Amino acid sequence: MKITGKVIKYGDNVDTDVIIPARYLNTSDPKELACHCMEDLDKTFVKRVQKGDIMVGGYNFGCGSSREHAPIAIKESGIACVIAKSFARIFYRNSINTGLAIVEYDGDINEGDMVEVNFDTGVIKNLTTGVEGTFPPFPEFLKNIIEKGGLLPSMKSN
Amino acid sequence: MAMTMSQKILASHAGKDKVVAGELIMADLDLVLGNDVTSPVAIKEFEKAGCDCVFNKDKIALVMDHFTPNKDIKAAEQTKIVRDFAGKKDITHYYDVGEMGVEHALLPEKGLVVAGDLVIGADSHTCTYGALGAFSTGVGSTDMAVGMAYGKAWFKVPSAIKFNLTGKPKKWVSGKDIILHIIGKIGVDGALYKSMEFTGDGVKNLTIDDRFTICNMAIEAGAKNGIFPVDDITLEYIANHSTKKPVVFEADKDAKYDEVYDIDLSKIEPTVAFPHLPSNTRTFDKIGDIKIDQVVIGSCTNGRYSDFEIAAKILKGKKVAKGVRVIIIPATQKIFLDMAVNGLTKIFVDAGCAVSTPTCGPCLGGHMGILAKGERSLATTNRNFVGRMGHPESEVYLCSPAVAAASAITGKITSPVGL
C-alpha cells in the first residue's frame, strides 16, 4: 500500500479532546463527527482538508480520552494517514482496530509538503524536500488485523 | 526471565508461564466495561460484525455516566441504544440513572473488580483499578466490542517504571498531589506504553482512595496501567465490597524496570496543574494570585466519600466566595446517600455549593458546569486540555479536594495549609 498526500501539520500532545471535543460525543455518526474534527485546535481544518491529505503530529499524538470517535473523525474527514513522532497508546490501538493508517516517524516534515508513505517497504519520501526515511513495519500480529480490515473481522476469521 | 506484577497478571490470563516486554498476546478478560459515549460505537461494531451472543452476561458492565441524566435528545438516543442492547442481552451489570455512578468509582464499590483481575474498559481512566492489584487499562470501542463478543483482548506486554514510595504524606496532602507531582516530574508521555508500578514502605501510608486517585491518572502520564501491590488495606476493601476471591500477584524481586524513581511522600506539597497539560504542575510558592469562577469537586479521580469528607471539613461553617460557583458531584448513589445521612450535604448547601446527582458531567465538558469564554475553573478532575470543560478559551486547573475547598472560600487558588 502506498499513500501520497499533502501535509497538514500540528505539534506535540495533540489530545483527543481537540481532535473531537466531548460536546459532540452525543452522536456516533462519522459524518457529523468529521464536521467538528480538530475544531478546538484549528478551525480551518475542516474547510481546507482534502481527501487523501496526510496529518502530521509531534510526540504523544492522540493522548487523553479513549474515544474511538477521534480516529473515526480523522478518517472520515478524508485524512489518508497520520504520521507522528509517537502515538498515545489507546489512540494507536484504536487506529489499528478501525483501519486508520498510522506511522511512527520522527523525520522533518513541514506544513504543505507532499509526502509518499510506502507501507510495503517502510519508506517515507518527502517529495517536496527530497528527504527520505524509514519506519519500522507493523508486527505480523497487527498486520493481520489491518489486512483483515480491522479487529472484529480478524477475530471472526480466526 | 523475571516479571513485573503487571506482566504476571497478563501471563496468567494468556495461559502462559512467562511473557516478556514487547510480546503481543491474546488474553482472557475478567470484565469488559463501557459507558454511554463509547458503548454505542461498540454495539454498532458488534452488530455490524454479525455477533449474536455476548461471551458472558455477568462479565460486562455498562455504566451510563457521561451525559446522564441525559443532557439532550442526541445523548438520550445514544443511551437508549445501550439500554436496549443491555435488555436484549440480559446484561447483569447495566447501571442507569438511579443506580449508576461514575464508572471507576462504581465498579470497585459494587465489588466487580478484585486483585488479580484483567479488565478492559472503553474509557481511558479504566486504569483506576490497579489500586486493587488488578491489571486494568483503557481501550477503544472496537476492543470493547471484541471483548463483549469473545471475552478476549490483544495486548503488547508493557515494560514498567518503578516508583519506590517512602515516608508519609503531610496533612492536606493526598493521592491527587502525589500523582500530580509524579506527572509533573515525568511528563504527559513519561510512561508511554508502560506500567507504572508503585511499591515501597510508603504504600502502607496511602488509603485505598489515595491509590484509586493515583492509578486513575496513570493515563495522564501515557501509561498503559498503574498498579499497587496487594496489602491488608487492599484485602480489607475487597472483603468489604466483593464476594469474588482476590488473587495476589507480586513482582519478582529481580524484575527489570526501565527506570526507578524514589518518591519521598513526606516531601510532597499541595500541587496544582495549570492549563493546558496535567504535567504543568506548580506548588504554592509559585502559584500567585489566581482568581477562579468555578470549583468542581467530583469525578472518577476525586469523587469518593473521603474526598467530600476533606472538603466538608474545610467548608464547615464557611461560605463560598461571592461570584464563585461551587459544584459538588458525589461519584455514586451510595456516596450521595452517605453524604446526606452524615450531614455533609448540609455543610455544602449551607456554604452555598450546588450538590448534583452522580455524573461525569463537567469533567469532560459534557454538562452540569460548562465554562464560558475566558472563565477559569479549579477542579478535582483529571484533564485540563484546551476546551476540556467548555469554551476553547476557558481554563481548567487541577487540584486535590482540599485545595478545591480552600479555594472555594477565598475565590482564588488557595492552599489548605494553615487554614
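Residues numbered from 1 in each chain as written. Chains lettered and ligands numbered in written order. Predicted model: local features only at pLDDT ≥ 70, side-chain atom pairs only at ≥ 80, totals over all residues.

S.K.: Where do I start with the overall build of chain B in this structure?
M.R.: In terms of helices and strands, chain B carries 13 helices and 18 strands. Taking 22 Å as the expected radius of gyration for a compact globule of 419 residues, we find that chain B reaches 20 Å, a close match to that expectation. Judged by the C-alpha coordinates and their principal axes, chain B covers about 60 × 50 × 40 Å. Within the span of chain B, comprising 419 residues, buried residues form 61% of the whole. The contacts of chain B with a sequence gap of at least 6 include a subset with a gap of at least 24, amounting to 76%. (Helix = DSSP H or I, 4+ residues; strand = E, 2+ residues; numbered from the N terminus. Rg over C-alpha atoms; globule rule 2.2 N^0.38 Å. Buried ≥ 20, exposed ≤ 12 C-beta atoms within 10 Å, placed from the backbone. Contact = placed C-beta atoms within 7 Å.)

S.K.: Help me understand the interface of chain A and chain B in this model?
M.R.: You'll often see interface size given as the accessible area lost when the parts meet. Taken together, the contact between chain A and chain B spans 38 residues of the former and 41 residues of the latter. Where the side of chain A that touches chain B is concerned, the elements lending two or more residues are α1 (16–19), α5 (89–98) and α7 (151–157) of chain A. Counting residues per element, the side of chain A that touches chain B draws most heavily on α5(A), which supplies six residues. A breakdown of the residues in the side of chain A that touches chain B according to their chemical character gives 15 nonpolar, 14 polar and nine charged. (Nonpolar A, V, L, I, M, F, W, Y, C, P; charged D, E, K, R; others polar.)

S.K.: I tried to follow the sheet that holds strand β2 (residues 54–57) of chain A on my own but got confused; where do I start?
M.R.: Pairing between sheet strands relies on hydrogen bonds along the backbone, with the strands arranged either parallel or antiparallel. Residues and elements named next belong to chain A. Read across the sheet, seven strands follow the order β4-β3-β2-β1-β5-β6-β7 without closing on themselves; strand pairing throughout is mixed. Edge strands, defined here as strands with exactly one partner in the open sheet, are β4 (101–104) and β7 (132–134). Here the average twist between neighbouring strands, direction ignored, is 30°. Sheet topology note: the strand β5 (residues 114–118)/strand β6 (residues 123–126) ladder contains four bridges and is antiparallel. When the bridges of β6 are listed, N118 appears paired with V123. (Pairing = 2+ DSSP bridges. Axes fitted to C-alpha atoms, helices over the stretch in contact; angles between N-to-C directions.)

S.K.: Help me understand the nonpolar core, please; the structure alone is not making it clear to me.
M.R.: Note on soluble globular proteins: their nonpolar side chains tend to be buried together. If you look at the biggest cluster of nonpolar residues, it comprises 188 residues, and the most contacted ones within it are A:V82 and B:L315. Those residues in contact with B:L315 that lie beyond four places of it in its chain are B:I347, B:F348, B:A351, B:A405, B:A408 and B:I409. (Core = buried A, V, L, I, M, F, W, Y, C linked by C-beta atoms within 7 Å.)

S.K.: What is the right way to read the sheet that holds strand β9 (residues 195–199) of chain B from this model?
M.R.: All names here are of chain B. Reading across from one edge, β10-β9-β8-β11 is the order of the four strands in this open sheet, with parallel pairing throughout. With one partner strand each, in any of the chains shown, β10 (225–227) and β11 (259–264) form the two edges of the open sheet. Within this sheet the neighbouring strands show an average axis-to-axis angle of 20°, counted without direction. Inspection of the sheet shows strand β8 (residues 160–166) paired to β9 by five bridges, in the parallel sense. Looking across to β9, one finds that A160 is bridged to S195.

S.K.: Explain the pairing of strand β6 (residues 135–138) of chain B to me, please; I cannot follow it from the model alone.
M.R.: Looking down a regular strand, the side chains alternate between one sheet face and the other. Residue and element names in this part refer to chain B. Residues F135 and T137 line one face of β6 and the alternating positions S136 and G138 line the opposite face, and both faces are buried. For strand β5 (residues 118–121) and β6, the ladder comprises four bridges, and the chain directions are parallel. By the bridge assignment, I120 is partnered in β6 with T137.

S.K.: When you look at the pairing of strand β18 (residues 395–398) of chain B in this model, what are you seeing that I'm missing?
M.R.: All names here are of chain B. Every second residue of β18 is oriented toward a common face, with E395 and Y397 on one face and V396 and L398 on the other, all of them buried. Sheet topology note: the strand β17 (residues 376–379)/β18 ladder contains four bridges and is parallel. Bridging across to β18, A379 finds its partner in L398.

S.K.: Just checking my understanding: could you explain helix α12 (residues 344–351) of chain B for this structure?
M.R.: Structurally, the α-helix is built with 3.6 residues per turn, so residues lying three or four positions apart point the same way. Residue and element names in this part refer to chain B. Listed as buried for α12 are L344, T345, I347, F348 and A351. Looking straight down α12, one finds its buried side chains confined to an arc of 160°; they lie on one side. Residues of α12 that are buried in the fold lie against α10 (305–315), β15 (325–329), α11 (333–341) and β16 (354–355). Phi turns positive, to about 100°, at G352, one or two residues after α12. (Arc of directions from axis to C-beta.)

S.K.: What am I meant to see in unusual backbone geometry here?
M.R.: Trans is the prevailing form of peptide bonds, just as negative phi is the prevailing case for residues other than glycine. All names here are of chain B. With an omega of -15°, the peptide bond running from T68 to P69 counts as cis. Between P275 and H276 the backbone carries a cis peptide bond, its omega angle lying at -5°. Looking at the element boundaries, H276 is found in the loop between β12 (271–273) and β13 (281–283). Unlike most non-glycine residues, D90 shows phi in positive territory, near 55°. As for its position among the elements, D90 is in the loop between α3 (73–89) and β4 (93–95).

Everything listed here is a matter of geometry and, on its own, says nothing about what the molecule does.
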